[in-house]
Amino acid sequence: RFIAKPCAINLGIQDSGPHRAQPNAILEKVFTSITKSPDGKRLEGLSKQLDWDVRKIQRWFRHRRNQDKPTTLTKFCESMWRFTFYLSIFFYGLRFLWTAPWFWDTRQCWYNYPFQPLTSRLYYYYILELAFYWSLMFSQFTDIKRKDFLIMFVHHLATIGLITFSYMNNMVRVGTLVLCLHDASDFLLEAAKLANYAKYQRLCDAFFMLFGVVFIVTRLGIYPFWILNTTLFESWELIGPYPSWWLFNGLLITLQILHIIWSYLIIRTAYKALVRGKVSKDDRSDVESSSEEEDVTSNSTKGVFSTSSNGSNRINGHVASGQWTEE
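Residues numbered from 1 in each chain as written. Predicted model: local features only at pLDDT ≥ 70, side-chain atom pairs only at ≥ 80, totals over all residues. Heavy atoms only, no water.

## So, the pattern of salt bridges
Quick reminder of the rule: A carboxyl oxygen of Asp or Glu within 4 Å of a side-chain nitrogen of Lys or Arg is what we treat as a salt bridge. Counting from the N terminus, the helices are the DSSP runs of H or I reaching at least four residues and the strands are the DSSP runs of E reaching at least two. A simple rule labels every residue: compare its accessible area, found with a 1.4 Å probe on the protein chains alone, to the largest value its type can have, and call it buried under 20%, exposed over 50%, or partly exposed in between.
Counted by the stated rule, this structure contains four salt bridges. Two residues, Arg-82 and Glu-78, come together in a salt bridge whose shortest N-O distance is 3.2 Å. With Arg-82 and Glu-78 both in helix α5 (residues 72-98) and four residues apart, the pair spans about one turn of that helix. For Arg-82, a relative accessible area of 18% translates into the label buried.

This is the structure in structure tokens:
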């Protein structure tokens, strides 16, 4: 409220939502009580009842759906908060782990286990991460519903389960490695979103490409060969198959499966944008284009100019930075 909003205003981001739908009691009742996306048969019936063109009714429902979406300013403030947290907690964890012996030798995670001291810095690192992921767990039900909602829900459950489980079983050493590794790329994605909302397309593309590289290196390279190696093999060798070994590693492998899915989405997005030169539709976002898109495309056959709900422009088939960040 006191930091992100003034920054957004200075960058020219307006606190204005999408075009509001024309007040209509009949359509509003259908929207709130029956369906937000009427089929062809219902559209024909509403067209006869209101003496409206079907296209006009479709446009009304599109405006009405977009009307409930958060504004670009709201999304900018949320991304700036997440960027601040991810960046701060990453450097806090990196500074803390830089002097920790298990950062350089993962076998140290299991020496003298479970009788390992819990320092105050380690305690606060865990509590902050746990509190943040609980906040994400609750807020995802009020944020925009995207196609990867189920994947994110499973991710938050697995993350909270891992943080809680490792803390209760004093597996905090290997837990700090997992946390720091995951925070390494998250702030780059939020930086790309901030650049997107501010309409700095080249900066957004650069941040997203950097995010993609760091994400793939950390999640598909370092995570399985560094983290899973020590939890699956080194722990078995040094302390044996402890009772919770299967559950702990099961949660870690679940995260790895999610990493593979997200890496596929990132690579596919980069492929579409760099090789094909355009992306027709964001495969993850359910944010709809405004009716102005229809008006422009129907009046011009020379290229495409559409404005997505986050304010990023697509010009002559070239997808602006919103395509990177939404997916």
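## Considering helix α8 (residues 149-168)
Heads up, the condition is: Helices are assigned an expected span. That span is 1.5 Å times one less than the residue count.
The terminal C-alpha atoms of α8, which comprises 20 residues, lie 28 Å apart, in line with the 28 Å expected from a rise of 1.5 Å per residue. All buried positions along α8 are accounted for by His-155, His-156, Ala-158, Thr-159, Ile-160, Leu-162, Ile-163, Phe-165 and Ser-166. Two residues or fewer after α8 comes Asn-170, characterised by a positive phi angle close to 60°.

## Overview of the packing of helix α2 (residues 25-33) against helix α4 (residues 54-67)
Where we set the bar: Fitted lines through C-alpha atoms serve as axes, helices being fitted only where they are in contact, and the angles separating the N-to-C directions of these axes extend from 0 to 180 degrees. Oblique is the label for any angle not covered by the other classes, which are roughly parallel (under 35 degrees), roughly antiparallel (over 145) and roughly perpendicular (65 to 115). Helix crossings fall into two classes, left-handed where the near helix is turned counterclockwise from the far one by less than a right angle and right-handed where it is turned clockwise. Residues are treated as being in contact if the distance between any of their heavy atoms lies within 4.5 Å. Any residue outside Ala, Val, Leu, Ile, Met, Phe, Trp, Tyr, Cys, Pro, Asp, Glu, Lys and Arg is labelled polar, Gly included; the first ten of those are nonpolar and the last four are charged.
At a minimum axis separation of 11 Å, α2 and α4 run at an interaxial angle of 55°. Between α2 and α4, the angle falls in the class oblique. Of the two possible hands of crossing, α2 and α4 adopt the one that is right-handed. The segment α2 lies against α4, with Leu-27, Glu-28, Val-30 and Phe-31 engaging Ile-57, Trp-60, Phe-61, Arg-64 and Arg-65. Its residues assigned to classes, the contact of α2 with α4 comprises six nonpolar, no polar and three charged.

## A few points about the environment of Trp-104
The cut-off we apply is this: Side-chain atoms alone can form a polar contact between residues adjacent in sequence; in general such a contact is a pair of N or O atoms within 3.5 Å, and within protein one must be able to donate a hydrogen while the other accepts it.
You can see Trp-104 is positioned in helix α6 (residues 101-104). Taking relative accessible area as the criterion, Trp-104 reaches 54% and is therefore assigned exposed. Not counting residues within four places of it along the chain, the set of residues in contact with Trp-104 comprises Leu-97 and Trp-98. Within polar-contact distance, the side chain of Trp-104 engages the backbone oxygen of Trp-98 at 2.9 Å.

Limitation: the analysis is restricted to geometry and does not speak to function.
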